[in-house]
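Topology and contacts: notes
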Protein chains: 4
Amino acid sequence: MKRIAVLTSGGDAPGMNAAVRAVVRKAISEGMEVYGINRGYAGMVEGDIHQFDAKSVANVLSRGGTFLQSARYPEFAQLEGQLKGIEQLKKNGIEGVVVVGGDGSYHGAMRLTEHGFPAVGLPGTIDNDIVGTDYTIGFDTAVNTALEALDRLRDTAFSHGRTFVVEVMGRNAGDIALWAGIAGGADQIIVPEEDFDINEVVHKVTEGYATKNKNHHIIVVAEGVMSGEEFAAKMKEAGDTSDLRVTNLGHLLRGGAPTARDRVLASWMGAHAVDLLKEGRGGLAVGIHNEELVESPILGTAEEGALFSLTEDGKIVVNNPHKARLDFAELNRDLAH
Amino acid sequence: MKRIAVLTSGGDAPGMNAAVRAVVRKAISEGMEVYGINRGYAGMVEGDIHQFDAKSVANVLSRGGTFLQSARYPEFAQLEGQLKGIEQLKKNGIEGVVVVGGDGSYHGAMRLTEHGFPAVGLPGTIDNDIVGTDYTIGFDTAVNTALEALDRLRDTAFSHGRTFVVEVMGRNAGDIALWAGIAGGADQIIVPEEDFDINEVVHKVTEGYATKNKNHHIIVVAEGVMSGEEFAAKMKEAGDTSDLRVTNLGHLLRGGAPTARDRVLASWMGAHAVDLLKEGRGGLAVGIHNEELVESPILGTAEEGALFSLTEDGKIVVNNPHKARLDFAELNRDLAH
Amino acid sequence: MKRIAVLTSGGDAPGMNAAVRAVVRKAISEGMEVYGINRGYAGMVEGDIHQFDAKSVANVLSRGGTFLQSARYPEFAQLEGQLKGIEQLKKNGIEGVVVVGGDGSYHGAMRLTEHGFPAVGLPGTIDNDIVGTDYTIGFDTAVNTALEALDRLRDTAFSHGRTFVVEVMGRNAGDIALWAGIAGGADQIIVPEEDFDINEVVHKVTEGYATKNKNHHIIVVAEGVMSGEEFAAKMKEAGDTSDLRVTNLGHLLRGGAPTARDRVLASWMGAHAVDLLKEGRGGLAVGIHNEELVESPILGTAEEGALFSLTEDGKIVVNNPHKARLDFAELNRDLAH
Amino acid sequence: MKRIAVLTSGGDAPGMNAAVRAVVRKAISEGMEVYGINRGYAGMVEGDIHQFDAKSVANVLSRGGTFLQSARYPEFAQLEGQLKGIEQLKKNGIEGVVVVGGDGSYHGAMRLTEHGFPAVGLPGTIDNDIVGTDYTIGFDTAVNTALEALDRLRDTAFSHGRTFVVEVMGRNAGDIALWAGIAGGADQIIVPEEDFDINEVVHKVTEGYATKNKNHHIIVVAEGVMSGEEFAAKMKEAGDTSDLRVTNLGHLLRGGAPTARDRVLASWMGAHAVDLLKEGRGGLAVGIHNEELVESPILGTAEEGALFSLTEDGKIVVNNPHKARLDFAELNRDLAH
């Protein structure tokens, strides 16, 4: 393979730039030419494609977000969109593609591969909810950003004897909430993977103040459960009488310079994606499992280790869905009394 | 004066601990004894008062919030509350008090002084809205925290071509919005001290995207104007068609390790308050003006330089109200095109 | 087991406080009493031992260093020292001990266990060089601190077209250098686990400037190789003509608020150590391997999975010495051209 | 004036990019064209000059260092160098220049003005040692970076009961040492503006440990005094017996994202420089004094308020040399006992 391209797709995540840099640098060191595609699949279809040299990525390693930009582009799920994209790839002489993004982006990579353009997916999202990997690019940064916010909020919670409900991102996964909550010493962590009893939540708050063991109380709520505002309203309904405030960390978690871990992971995965393409392999997603890089077929049977299977009537099934570490929920209950 | 006390009052602000530390250390180096009063005037009335030694404040310089805690206590506006507080001061042999807090706290300091307990106020609030000082303790930290958030949000705004409305604290003052907005390269800054035309706001957004000069747009809104959610709703009403998101930095701005500037300012002011008490002077508020410390009578006539005057019917008048720097609003318009 | 104690030993590392907090909180939630021993084995021998309650560790999670302090105490390698320590443990009714520290500290834990006081070791050091664990408590923070420094130095290296030699800690291990170097985009990383040719090093520098591909050059040198000053002198001897500066990050890497990862790891390990003591198990070191906690006998045969064995003449042998990831060295060569 | 240029000169400082951005944006909003000159006066002479548009400076506000780069170029002190530079300015139709840099750079600005190219100087250096301004661009960031390092070192100093000598930059000025030292709670601050007695220094260390008031000791030494290593050696000679370590923060202080204050100051000054050029005024240096911008003639008589005067035999005299705040040295002695 002589010429490859790289794009970022889906929600931005810190470390995406490190992944793109690694793809560019590794490809050049393997004697390949490498192109950047702006704004994900949308840019591919529009031909927003430019050649990179090693200096193109000289200043991106520490930047958050994605300098290639990202865009939603549901049209790429349709054959027509795919064919338009492929036309542009052909026009530019591109033979393989690296896609950095969420698992929605993986399907595009699968289709490109089926059309003869080997494509490899890298897991780029803060939510850590992608199948086939223990960690996603961006997760560690988001957790540390949430932690920094918790440390700040604790200052003011302590100073005023307040209860804070802190909403964190994570889509349907509780990973950010669990990691940031344990690290930040949250008194309670509410995640979508576990039921909660609002009366129990309020009881713990009340009891904490009553025993004078705590003068403040911090509850981390994953957005997959409900919004922080809704949660606080439920607490009030259930009889909470504390001085209760809500903070939604929201989009703050998506930005910022990536942590060392996210940069290393992204660099490692980016280089590995080039190795796979060099061998002509596509339709694969790279992950990290037990401290080593692994790759899985994006589509296929569970026996083949594929991330997704198709049912007879064409529906997508996730073979081995992501699970948050509920032992961490248990751990926090032991530490937060 | 042989024995003084220190308390924090009103909303917490980074640097309050540095101020308390300076009061304690300076008092000890002047041969005085020094006591800490927990939870502001509430703790004074309840007698929640403890002696400090130099080691008591060994680890507080870098901590956000106030380790003495703070509490609202409107009862101290009444004579009855004041007399109870004074009883406790007498019981502990305390002869003078340093109050770190907002200008609400200054009135208590005035009353104590009138009752024979010289009290000095230090301006502790993130909002920078206290009369008699160019800067308050906590303002610089809050601005830098807001700036860090703006830098993060820009990453994701750029990556997705989005418009962000970012709400920042500041009560009725636009200072945090102006400083953080200029430093963060905000495209528009909306402050309570200046009218705005929502159609103009939306026009700038639309024009920015149309000319391709900008692929994203960040608007900082001071809470004194309205909430970020309300502002975004108004923009939509006025015809904004961009991908618009709202982030409320909220209580994040109150916490965190204080910046160098806030620690230096707090240390300097704290030591100065002790100097004033040593001379038996009270009823004063310390400020910084043109890079030097100044002190002003809290209550008196405008001619005396007092911060507040009483009208004939007993109402409080602010003699020289805080003004935000509207030349900074102008500056940002020049730079943000 | 009804009453346990915890101490920190060896060089301080961010996250040690999180580990101590977890031991205290978990022990209390298991109905145990828990004591803190100040200044490591020295404090044990001197009886510097105090009971903790849940609030004792209320503010330590985000603090760097170790609030229990640490001290070198070679006397504990001798039987006499151990017996004195045990006397103090008995006096306080302590039945088991958690030791957070480097592998030197593990030997003390082994001896206590042999004397009937089950002791469990947790790996606390920034160097990541402890056997029996993929990661040590403190490593992730140190890497991120080094990374932040590299990001700063790059600003000035770029601005002036300079070469920087940056010395980082790590004792005989290259882990900090490798992780921080990859994350920081170092042009070259020199670690003790790999030979280097100083002429090659200088050649890369010269070539980088000559091809105009780089206007600056950053070389990370692990302290286990030699000091940054020595390395720079060797470069000059070998003919380097660039504007060369040396920075030694030194003790900066030991301090600072721990990262999320270090806090989670420390919390998890701390709780696990209590679980082991509860079952009466000692002479073990806790580690993380493949994302799960593991425990290994500190002393025993390689077949038993022990970390250390004794030879017939009483020497200590490391059964499965720590290895830095040299594939990361390779990765960096691919990315840094 | 229709076309102006901007360059950075001397040591890099955080906020230089914010100043350049402000010059570019303000000039464009005034209807001027604006050019960037790479690598200071060296680039001017070589004609390394390029036109900017508003987007050229889209991502530089938060970047440390100077994206225009800087270089030493003593040849510009000679007429020949100046004439070459002017030739290049003429070739590009440039009529005025903004120079961001240390006071060495001001002389070049003066010469350009004398040759008919009005040039304005902005004070860009971390050292805060430039005449005509209360604060320089970069100083606040450097102080905060030093402070962060002091906070880290305190963690490890406390954990091990150590003495740290911390060397900070500042050329012949003690400003960074004084501000960072007070903010970081340094036990002693040694600056070039004040004599010190090494026996006194050691006595304070010894006494601190002896009275058990302190278990650690941090001494900040400005580089203008001597190196940290030399200072520590002198302490040992004078009988210090503590566990003494040296850290040189060195070039770390030059990099990093600028603080809010540095960005605001740089933005404000940059816009003001354009206002001056628009009126055809040159030979001036912009400063901030008592919270307002001021401008001073670079060369002239003291009566005119000029920063520098020439003696009859052509020597440069500084009219009103920068002075560090020695009241801060006094303040720290009061707080650090």
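Residues numbered from 1 in each chain as written. Chains lettered and ligands numbered in written order. Predicted model: local features only at pLDDT ≥ 70, side-chain atom pairs only at ≥ 80, totals over all residues. Heavy atoms only, no water.

1. A word on the interface of chain A and chain C
Size of an interface, as often reported, equals the accessible area lost when the parts are brought together. Between chain A and chain C, the contact holds 44 residues from the first and 44 residues from the second. Taken together, chain A and chain C are joined by 6 salt bridges. Between A:Asp334 and C:Lys26 there is a salt bridge whose closest N-O contact spans 2.9 Å. Where chain A touches chain C, the interface holds 18 residue pairs in polar contact (both at pLDDT 80 or more). Put simply, the parts of the chain that give the side of chain A that touches chain C at least two residues each are α1 (16-29), α5 (139-160), α6 (175-183), α9 (260-278) and α10 (326-335) of chain A. A total of 7 residues in the side of chain A that touches chain C trace back to one element, the largest contributor, which is α9(A). When its residues are assigned to classes, the side of chain A that touches chain C shows 19 nonpolar, 10 polar and 15 charged. (Contact = heavy atoms within 4.5 Å. Salt bridge = Lys/Arg side-chain N within 4 Å of Asp/Glu carboxyl O. Polar contact = N/O pair within 3.5 Å; in protein donor to acceptor, adjacent residues only side chain to side chain. Helix = DSSP H or I, 4+ residues; strand = E, 2+ residues; numbered from the N terminus. Nonpolar A, V, L, I, M, F, W, Y, C, P; charged D, E, K, R; others polar.)

2. Regarding the relation of the copies chain A and chain C
Overlaying chain A on chain C yields an RMSD of 0.0 Å, the required transformation being a rotation through 180° with an accompanying axial translation of 0.0 Å. Such a combination of rotation and displacement between the chain copies is what one expects of a two-fold axis. Closest approach to the rotation axis within chain A is made by the C-alpha atom of A:Asn290, at a distance of 2.1 Å. (Least-squares fit on C-alpha atoms with pLDDT ≥ 70 in both.)

3. Some words on α1(A)
Spacing of three or four residues puts side chains on the same side of an α-helix, whose turn is 3.6 residues. All names here are of chain A. For α1, with 14 residues, the first-to-last C-alpha span of 20 Å sits near the 20 Å given by 1.5 Å per residue. Judged by how many residues are buried, α1 sits mostly within the fold: 12 of 14 residues are covered. All of the buried residues in α1 are Met-16, Asn-17, Ala-18, Ala-19, Val-20, Arg-21, Ala-22, Val-23, Val-24, Arg-25, Lys-26 and Ala-27. (Expected span 1.5 Å × (residues − 1). Buried < 20%, exposed > 50% of the residue type's maximum accessible area, 1.4 Å probe, protein only.)

4. Considerations on the packing of α9(A) against helix α5 (residues 139-160) of chain C
The axes of two packed helices give the description: the angle between them and the distance between them. One way to put it is that α9(A) packs onto α5(C) with a least axis distance of 9 Å and a crossing angle of 85°. The orientation of α9(A) with respect to α5(C), classified from their angle, is roughly perpendicular. Mapping the contact onto sequence places A:Ala260, A:Arg261 and A:Arg263 in α9(A) and C:Asp140, C:Val143, C:Asn144, C:Leu147 and C:Asp151 in α5(C). The residue makeup of the contact of α9(A) with α5(C), split by class, is 3 nonpolar, 1 polar and 4 charged. (Axes fitted to C-alpha atoms, helices over the stretch in contact; angles between N-to-C directions. Parallel < 35°, antiparallel > 145°, perpendicular 65-115°, else oblique.)

5. As for the packing of α5(A) against helix α5 (residues 139-160) of chain B
Two elements in contact, α5(A) and α5(B), have axes whose closest approach is 13 Å; the angle formed by their N-to-C orientations is 160°. Judged by the angle between their axes, α5(A) and α5(B) are roughly antiparallel. The two elements α5(A) and α5(B) meet at a crossing, and its hand is left-handed. On α5(B), the residues touching A:Thr145, A:Glu148 and A:Arg152 of α5(A) are B:Thr145, B:Glu148 and B:Arg152. (Left-handed = near helix turned anticlockwise from the far one by under 90°.)

6. Details of the packing of aromatic side chains
Evaluated as defined, the whole model comprises 32 aromatic pairs over all chains. Taking 5.4 Å as the distance between ring centres and 50° as the angle between the ring planes, the aromatic pair formed by A:Phe196 and A:Phe231 counts as tilted. Taken together, the residues A:Phe196 in the loop between β7 (188-190) and α7 (198-210) and A:Phe231 in helix α8 (residues 228-237) connect sequence positions 35 residues apart. Judged by its relative accessible area of 0%, A:Phe231 is buried. Taken together, a centroid distance of 4.2 Å and an interplanar angle of 15° make the contact between B:Tyr41 and B:Phe76 stacked. One end of the pair, B:Tyr41, is in helix α2 (residues 40-46); the other, B:Phe76, is in the loop between β3 (49-52) and α3 (79-91), and 35 residues separate them in sequence. Residue B:Tyr41 is classed as buried on the basis of its relative accessible area, which comes to 5%. Chaining the aromatic ring pairs together yields one cluster made of A:Tyr135, A:Phe139, A:Trp179, A:Phe328 and C:Trp268. Between the NZ or CZ atom of B:Arg63 and the centre of the ring of A:Phe158, over which it lies, the distance is 5.9 Å. (Phe/Tyr/Trp six-rings, centres within 6.5 Å; stacked < 30°, edge-to-face > 60°. Lys NZ or Arg CZ within 6 Å of the ring centre and 35° of its normal.)

7. Considering the environment of C:Ser267
All names here are of chain C. Position of Ser-267 relative to the elements: it lies in helix α9 (residues 260-278). Residue Ser-267 is classed as buried on the basis of its relative accessible area of 0%. Separated by 130 residues in sequence, Ser-267 and Ile-137 have C-alpha atoms that sit 9.8 Å apart.

8. Examining the sheet that holds strand β6 (residues 163-168) of chain A
Residues and elements named next belong to chain A. If you trace the 4 strands from one edge of the open sheet to the other, you get β7-β8-β6-β9, paired in parallel fashion. Looking at strand neighbours, the two that pair on one side only are β7 and β9 (244-248), the edges of this open sheet. Between one strand axis and the next, the sheet turns through 20° on average, direction left out of account. Inspection of the sheet shows β6 paired to strand β8 (residues 217-222) by 6 bridges, in the parallel sense. The residue bridging Val-166 from the neighbouring strand is Val-220, located in β8. Taken strand by strand, α6 contacts β6, β7 and β8, and its axis lies near 175° from that of β7. Each of β6, β7 and β8 is contacted by α7, which is oriented at about 160° to β8, the strand it contacts most. (Pairing = 2+ DSSP bridges.)

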